[in-house]
Amino acid sequence: MTSVNLIGWKWRRVLGALLICFMICDLAYCHKDAQEQKSPGRKAKSSKPKVGKAAHKEPPAVKTKPKIKAPAQAQTLLTQVINRGRFTKVGETLKVQVGDTLELRCRGKPVQWGVPSYLEEDDEGRLRMVQNERYGVLTLVNSTGADTGEYTCYPMFCEDTDCRKDYDKAGKVFVFFTDPQELFVPSSDYYEVIQLRTNWPTRLPCQVTSPEAKVTLHREYPPVEVEVDGTEISFDVKKGFTIHRPRPYHAGALYCVASLGGLRQSSTKYMLIYVNYPMAPPAPVIQANASSVATGDNLRVSCTVTGERDVAVDITWEYPGQQMGRPPYTLESIRPLGGGSARHQTQSILLVDEVRDVDQGTYTCTAENLQGSKSVSTTVKVLPAKVKPRKL
Ligand SMILES: *[C@@H]1O[C@H](CO)[C@@H](O)[C@H](O)[C@H]1NC(C)=O
Ligand SMILES: *[C@@H]1O[C@H](CO)[C@@H](O)[C@H](O)[C@H]1NC(C)=O
C-alpha cells in the first residue's frame, strides 16, 4: 500500500511539472512568431536536422585545411594529426571546419576515448578508434557542427586482463566544428525543460560551434536581454550560461542568441521551472507506543519528519509481518508548525491490529525528499497474551 502511494506521489509530481511546462510552452508558442521576425537569422526548428541526421549534411563545397587555434597550454598526451606525418600539440580548445576530418593521437597502451554523448549513441561509421603499439588514434570524418564538444583520452592501467581508466592523467580537448551556417550545435528538440533547483547551479547549454561567436541570453516574455554579470549568471563558451544561485524569478522561457559576422541565430528554447529544493535529506523520528505488546493488543508506530514547507516528503515502511502479507494500515498527515515558522511536519502512523507473533521484530520507516532519504528503526517484542505488561 505504501509503495503504491510512493508511485502515486511521484507521478503526481511529474504530472504537475508537465502541466506547468505545457502552460509555459503554450505561452512560448504564442510569442514565437513575434520572436521570429525579430531575429531573422533564426531557422524554424522543425526544418533543422535532428542531431543524428546532421551527419548527412553536405559538407561545404570548398574544403579547406583545418584551422588550428594556437595551443594555450600544450598537453603531453594528446596531439592532433593535421596531414599524414604532421602533428600539433593541442591546447584546451581546437577548431575544425565542418566537413573536415579530426584526427587525434593519444600516447598510451592502451587508451580509451571519451566523445560527446551524441556521437557515442549515434555513430554512422564516421568515428574510428584504433590502438597502435604506443598510442591510440581517434578519427572523425565528415564532421558536423553537432560533433562539437569535449574529446577525452584516458590512458589505461592494466593488470593482466583487468584494466581501469586513469582519470587524473586524462587528456582533454574541446573541439569546435565551425559551421558557417549554424552558429549553434543543432538540437533535436524545439525546447528543453530545465529544473531550477534552489541549491544547484543551473546550466543552459546553448553550445556554439564557433568560439568567436558573441552569445547573449534572452527572456522571451517580457522580451528582454538578460544581464550576464559573471557572478549571478556567467558564460563559458564550452559550457553555456550558468545561473549560479537559482531564484524563482529566473524561471520562464529563455533562449540564447549568437552573432558572428553578419549572422545572428537563436538557440533552442529553455523552459526553466523553479523547484523548491530541500536543503538536506529528511531526518525522520520513529516511535512505537510500546516496546513490547501482548498478543491480541494493538500497536501503533509513528514516523515523523519536520522539514521546510513546500518540500514534499514521502514515507515508506518495512515491518516484520510484511512478507506474510500482514495488512497493517497507515495514516498520513501533514501539518504546519505554528509560530509563523516556515516548517511543517509530515507524519505516517503504522497501525497493527491484534498483534501476533509474526509482528515481533524491527519496524523501519524511510523518509525521502528530493535531496535523499534516511531510514530509522525500532524493535517491538510480542509477549504472550496473558502477561499484559503495561509499559511506556
Ligand atoms: C564522407 O563523405 C563522403 C562524401 O560525401 C562520402 O562519400 C563518404 O561515404 C562519407 N564517409 C562516411 C564514413 O560517412
Ligand atoms: C498503542 O496504540 C494502539 C492503537 O492506537 C492502542 O490500541 C494501544 O492501546 C496503544 N498501546 C499503549 C501501550 O498505549
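Per-chain numbering applies: the sequence of each chain, read as written, is numbered from 1 onward. Chains and ligands are labelled by the order in which they are written, letters from A for the one and numbers from 1 for the other. Residue-level local features of this predicted model are given only where pLDDT is at least 70; pairs of side-chain atoms are given and counted only at 80 or more, and the full residue set underlies all totals for whole chains, interfaces and linings. Based on all heavy atoms of the structure, the side-chain values leave hydrogens and waters out of the count.

**Student:** I'd like a rundown of the site of ligand 1, residues and numbers included.
**Tutor:** Only heavy atoms are used to decide nearness, and a residue is near a molecule or strand if one of them lies within 4 Å of it. Looking at ligand 1, the residues that line it are Gly125, Arg126, Val141 and Asn142. By the criterion applied in these results, polar contacts are pairs of N or O atoms within 3.5 Å in which, for protein atoms, one can donate a hydrogen and the other can accept it, and in which residues neighboring in sequence qualify only through two side-chain atoms. Residue Asn142 places a side-chain N or O atom 2.2 Å away from an oxygen atom belonging to ligand 1. Look at ligand 1: alone it shows 370 Å² of surface, and the protein chains cover 36% of it. For the shell around ligand 1, the per-class residue count stands at 1 nonpolar, 2 polar and 1 charged. Note on areas: these come from Shrake-Rupley sampling with a 1.4 Å probe, and a residue is covered only by the protein chains present in the view. Under the scheme applied, nonpolar residues are Ala, Val, Leu, Ile, Met, Phe, Trp, Tyr, Cys and Pro; charged residues are Asp, Glu, Lys and Arg; polar residues are all the others, including Gly.

**Student:** Summarise the layout of surface pockets; cite the residues concerned and give the values.
**Tutor:** Think of a 1 Å grid over just the protein atoms. A cavity is a set of points where a 1.4 Å probe fits yet cannot get out, a pocket is an open set with protein on both sides within 12 Å along at least five of seven lines, and lining residues have an atom within 4 Å of a point. Grid points are joined across faces, edges and corners, and a volume is the space filled by probe spheres set on the points. By volume, the largest pocket amounts to about 740 Å³. If you trace the largest pocket, you find 26 residues lining it, with Ser117, Thr148, Val185, Pro205 and Gln207 closest to the centre. Listed by contribution, the elements that provide at least two residues to the lining of the largest pocket are helix H2 (117–121), strand S8 (149–159) and strand S18 (263–275). In the lining of the largest pocket, the residues fall into 11 nonpolar, 8 polar and 7 charged. Among the domains, domain 1 (74–178) and domain 2 (191–275) are the pair contributing at least three residues each to the lining of the largest pocket. In this description a helix means any DSSP run of H or I spanning at least four residues, a strand means any run of E spanning at least two, and both kinds are numbered starting from the N terminus. Each domain span listed reflects an automatic or database assignment of domains.

**Student:** Describe unusual backbone geometry, listing the residues and the values that go with them.
**Tutor:** Lys109 connects to Pro110 through a cis peptide bond whose omega is -10 degrees. Mapping Pro110 onto the fold places it in the loop between strand S4 (102–107) and strand S5 (111–114). In this structure, Pro222 follows Tyr221 across a cis peptide bond, with omega equal to -5 degrees. Structurally, Pro222 is set in the loop between strand S13 (214–219) and strand S14 (224–226). One non-glycine residue, Asn142, adopts positive backbone phi at about 45 degrees. Here Asn142 is to be found in the loop between strand S7 (135–140) and S8. The residue Glu354 is not glycine, and still its phi comes out positive at about 45 degrees.

**Student:** How would you summarise the state of the cysteines if you had to cite specific residues and measurements?
**Tutor:** For this text, the term disulfide refers to a pair of cysteine sulfurs within 2.5 Å. Throughout the structure, instances matching the rule amount to 4 disulfides. Bridging Cys206 to Cys256, the disulfide has an S-S length of 2.2 Å. Residues Cys206 and Cys256 share a disulfide whose torsion about the S-S bond is about -70 degrees; that sign makes it left-handed. Taken together, the positions of Cys206 in the loop between strand S12 (202–204) and S13 and Cys256 in strand S17 (residues 252–260) put the pair 50 residues apart, joining distant regions of the chain. No difference in accessibility class separates Cys206 from Cys256, as the two residues are buried. A simple rule labels every residue: compare its accessible area, found with a 1.4 Å probe on the protein chains alone, to the largest value its type can have, and call it buried under 20%, exposed over 50%, or partly exposed in between.

**Student:** Outline the site of ligand 2, listing residues and values.
**Tutor:** Around ligand 2, the neighbouring residues are Asn289, Asn298 and Arg300. Within the side chain of Asn289, one N or O atom sits 2.2 Å away from an oxygen atom of ligand 2. Out of a free accessible area of 360 Å², ligand 2 has 57% covered by protein chains.

**Student:** Tell me what's going on with the packing of aromatic side chains, and back it up with residues and numbers.
**Tutor:** Pairs of aromatic rings are described using the distance from one ring centre to the other and the angle between the two planes. Stacked, edge-to-face and tilted labels apply to pairs of Phe, Tyr and Trp rings (six-membered ring for Trp) whose centres lie within 6.5 Å, assigned for plane angles under 30 degrees, over 60, and everything in between, in that order. With the rule as written, the count across this model stands at 4 aromatic pairs. With centroids separated by 6.4 Å and ring planes inclined at 65 degrees, the aromatic side chains of Tyr151 and Phe177 adopt a geometry described as edge-to-face. Of this pair, Tyr151 sits in strand S8 while Phe177 sits in strand S10 (residues 171–178), and the two are 26 residues apart along the sequence. Taking relative accessible area as the criterion, Tyr151 reaches 0% and is therefore assigned buried. Geometrically, the ring pair formed by Phe174 and Phe176 is tilted, given 4.9 Å between the ring centres and 55 degrees between the ring planes.

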